[in-house]
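Read off the chains here:
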Amino acid sequence: MIQRIQTVFLALASILNLVVYFTPIYDKAMSDPQLWIGYGLAISLVLPMVLNVFAIFLYNNRTNQISWIKKSALLQVVALGFGVGVLLSLGGFGTYMWDEGLGSGLIFLSLIFQILAMRYIRKDEELVRSMDRIR
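Draft legend 1. The packing of aromatic side chains, seen in detail. According to the stated counting rule, one finds five aromatic pairs in the structure shown. Where Phe 9 meets Phe 113, the ring centres are 5.7 Å apart and the plane angle is 20°; that geometry is what we call stacked. A residue pair is termed long-range when its members are at least 10 positions apart, and Phe 9 in helix α1 (residues 5–20) and Phe 113 in helix α5 (residues 98–134) qualify at 104 residues. Assigned by exposure class, Phe 9 and Phe 113 land together as buried. Centre to centre, the rings of Phe 54 and Trp 68 are 5.1 Å apart; their planes meet at 80°, and the pair counts as edge-to-face. Placement of Phe 54 in helix α3 (residues 35–56) and of Trp 68 in helix α4 (residues 62–89) is noted, with a sequence separation of 14 residues between them. Three or more aromatic residues joined by ring pairs make a cluster, and in this case those are Phe 9, Phe 113 and Tyr 120. In this structure, Lys 71 is placed above the aromatic ring of Trp 68, and the distance from its NZ or CZ to the ring centre is 4.3 Å.

Draft legend 2. Quick look at the nonpolar core. Grouped together as the largest cluster of nonpolar side chains are 29 residues, with contacts concentrated most on Leu 10, Val 20, Tyr 21, Leu 41, Leu 45, Ile 69 and Ile 107. Elements with a minimum of two residues in this core: α1, α2 (24–30), α3, α4 and α5. Looking at which element gives the most residues to this core, the answer is α3, with seven residues. When neighbours within four sequence positions are excluded, Val 20 is seen to be in contact with Ile 25, Tyr 26, Leu 45, Gly 103, Leu 106 and Ile 107.

Conventions adopted
- Residues numbered from 1 in each chain as written.
- Predicted model: local features only at pLDDT ≥ 70, side-chain atom pairs only at ≥ 80, totals over all residues.
- Heavy atoms only, no water.
- Phe/Tyr/Trp six-rings, centres within 6.5 Å; stacked < 30°, edge-to-face > 60°.
- Helix = DSSP H or I, 4+ residues; strand = E, 2+ residues; numbered from the N terminus.
- Buried < 20%, exposed > 50% of the residue type's maximum accessible area, 1.4 Å probe, protein only.
- Lys NZ or Arg CZ within 6 Å of the ring centre and 35° of its normal.
- Core = buried A, V, L, I, M, F, W, Y, C linked by side-chain atoms within 4.5 Å.
- Contact = heavy atoms within 4.5 Å.

Worth remembering: the numbers are spatial, not functional.
In structure tokens form, the structure reads like this:
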């Protein structure tokens, strides 16, 4: 069933990854003279976004869905590392850093949504197993 709460969490995680492209932290990463940082951030945002959308349609096989979300969460942690790395390379924290901090916060929030989706998929799996025991 595609209309479950974990589908909403995975869709929100993908949307938040897409929104990061329109934040100043992505602009700062792409304007860095070492282009691997910007490309690393871009790739590590696209891959979890695609994997989340792919995992939405694996609702028939929950264990497979959880494994794909775990892979996506690992890539999301890499994206968070790139985001925090760019944020820390910009200098000290202050009032002018709120825009850049927003991008890293969105990446972290996306990771939280992936973890919540895994939690609810596990709950569904436990519910199905308990119903199988009753039969």
